[in-house]
Amino acid sequence: MPDTPKPSDLPHAAAPHHVTAVPAADSGEDRGRTALADGVVEKIAGMAAREVPGIHALGSGLARTFGAMRDRVPGGRSSVSRGIKAEVGERQTAIDIALVVEYGVVIPELAAAVRRNIIAAVERMTGLEVVEVNIAVNDVHLPDEPDEEEGEEPASTGRRSRVQ
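A brief report on the enclosed structure follows. In this numbering scheme, every chain counts its residues from 1 along its sequence in written order. Local features are withheld for residues below a pLDDT of 70 in this predicted model, meaning they are given only at 70 or higher, and side-chain atom pairs are given and counted only at 80 or more; totals for whole chains, interfaces and linings count all residues. Only heavy atoms go into the side-chain values, all of them from the structure, while hydrogens and water stay out.

### Details of the overall build of the protein chain
Only DSSP runs of H or I with at least four residues qualify as helices, and only runs of E with at least two residues qualify as strands; both kinds are numbered from the N terminus onward. The helix and strand tally for the protein chain stands at 3 helices and 6 strands. We call a residue buried when its accessible area falls under 20% of the maximum for its residue type, exposed when it is over 50%, and partly exposed in between, using a 1.4 Å probe and counting protein chains only. For the protein chain, the proportion of its 164 residues judged to be buried stands at 28%. Every residue pair with non-hydrogen atoms within 4.5 Å of one another is taken to be in contact. Across the protein chain, contacts joining residues at least 24 apart in sequence account for 67% of those joining residues at least 6 apart. Using a 1.4 Å probe, accessible areas were evaluated by the Shrake-Rupley method; residue-level cover was limited to the displayed protein chains. As displayed, the protein chain has an accessible area near 11,200 Å², and 53% of this comes from carbon and sulfur atoms.

Dropping the structure here:
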């Protein structure tokens, strides 16, 4: 009869898909593992992206609309990782981000700054190598457009409120 395997003998694939073990970087000794959920990398990337001037919002229009509604619900909280998807491997991660930029910014320069900031923050905080950061610019926010996330009525209605 074969011996029953110990938890340390099990392959890494036995861990849940959304949590990844990160090898310790301090020494060559194996003294345990650190598990990182995809959401951890997504939050770090979200905070890093928001630090770059010229970003109006993260996420597609639909995600921002649902997020704004969720933010208004008592007890609800805003999602730092809205518009970000991370795929975390054992030693590497790849990140996709959707964003809305302010009118007037140079989009290639903004994308490069966002990419640099995300890579620096994620690699510094997690020890993972960021292999790619894919950026999708979904919209440009014009100065005279209302902000969907502040709960203003969309400009497409064409009507102004008569009462304040």
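There's plenty left to go through after this.
### What about the environment of valine 122?
Summarising the element assignment, valine 122 is placed in helix α3 (residues 107-126). Owing to a relative accessible area of 0%, valine 122 belongs among the buried residues under this scheme. Once the C-alpha coordinates of valine 122 and valine 40 are considered, the two residues, 82 residues apart in sequence, prove to be 9.4 Å apart.

### Focus: the packing of helix α1 (residues 38-50) against α3
Under this scheme, a helix contributes an axis fitted over its contacting stretch, all axes are lines through C-alpha atoms, and angles between N-to-C directions fall in the 0 to 180 degree range. Taken N-terminus to C-terminus, the directions of α1 and α3 make an angle of 140°; their axes are 8 Å apart at the nearest point. Judged on the interaxial angle alone, α3 and α1 are oblique. In the crossing of α1 with α3, the sense of the turn from one axis to the other is right-handed. Taken together, the residues of α3 that come into contact with α1 (itself represented by Val41, Ile44, Ala45, Ala48 and Ala49) are Val114, Asn117, Ile118, Ala121, Val122, Met125 and Thr126. For this scheme, ten residues count as nonpolar: Ala, Val, Leu, Ile, Met, Phe, Trp, Tyr, Cys and Pro. Four count as charged, namely Asp, Glu, Lys and Arg, and the remainder, Gly too, count as polar. Here the contact of α1 with α3 is built from residues that sort into 10 nonpolar, 2 polar and no charged. Our angle categories are set so that under 35 degrees counts as roughly parallel, over 145 as roughly antiparallel, 65 to 115 as roughly perpendicular, and the remainder as oblique. Put simply, a crossing is left-handed when the front helix is turned counterclockwise from the back one by less than a right angle, and right-handed when it is turned clockwise.

### Comments concerning the side chain of histidine 141
Positionally, histidine 141 belongs in strand β6 (residues 129-141). Side-chain atoms alone can form a polar contact between residues adjacent in sequence; in general such a contact is a pair of N or O atoms within 3.5 Å, and within protein one must be able to donate a hydrogen while the other accepts it. From its side chain, histidine 141 meets the backbone oxygen of glutamate 145 in a polar contact 3.4 Å long.

### Looking at the nonpolar core
Take the buried residues of types Ala, Val, Leu, Ile, Met, Phe, Trp, Tyr and Cys, join any two whose side-chain atoms come within 4.5 Å, and each joined set is a nonpolar core. Ile95, Ile97, Val114, Ile118 and Val122 are the most contacted members of the largest nonpolar core, which totals 24 residues. The contact partners of valine 114, leaving out residues within four places of it in the chain, are Ala49, Val52, Ile55, Leu99 and Ile135.

### Things to note about α3
Expected helix span is given by 1.5 Å per residue-to-residue step, counting one fewer step than there are residues. When the terminal C-alpha atoms of α3 are compared, their 28 Å separation across 20 residues agrees well with the 28 Å that a helix rising 1.5 Å per residue should span. Residues Leu110, Ala111, Val114, Ile118, Ala121, Val122 and Thr126 constitute the buried set of α3. The buried residues of α3 all sit within an arc of 110° when viewed along its axis, so they share a single face. Of the exposed residues in α3, those oriented more than 90 degrees away from the buried face are Pro108, Glu109, Arg116 and Arg124. As used here, the arc belongs to the directions running from the helix axis to the C-beta atoms.

### Concerning the pattern of salt bridges
Salt bridges, as used here, are contacts in which a Lys or Arg side-chain nitrogen is within 4 Å of a carboxyl oxygen on Asp or Glu. Counted by the stated rule, this structure contains 1 salt bridge. Between glutamate 90 and arginine 91 there is a salt bridge whose closest N-O contact spans 3.7 Å.

### Things to note about the environment of asparagine 117
Inspection of the secondary structure assignment puts asparagine 117 in helix α3. With a relative accessible area of 25%, asparagine 117 lands in the partly exposed category. Sequence separation between asparagine 117 and valine 52 is 65 residues; the distance between their C-alpha atoms is 7.7 Å. Excluding anything up to four places from it in sequence, asparagine 117 contacts Ala48, Glu51 and Val52.

### A look at α1
In this model α1 runs 19 Å from its N-terminal to its C-terminal C-alpha over 13 residues, within 8% of the 18 Å that 1.5 Å per residue would give. Turning to α1, its buried residues are Asp38, Val41, Glu42, Ile44, Ala45, Gly46, Ala48 and Ala49.

### Re the environment of alanine 113
Considering the arrangement of structural elements, one finds alanine 113 in helix α3. For alanine 113 and proline 53, which are 60 residues apart along the polypeptide, the C-alpha to C-alpha distance reads 9.2 Å.

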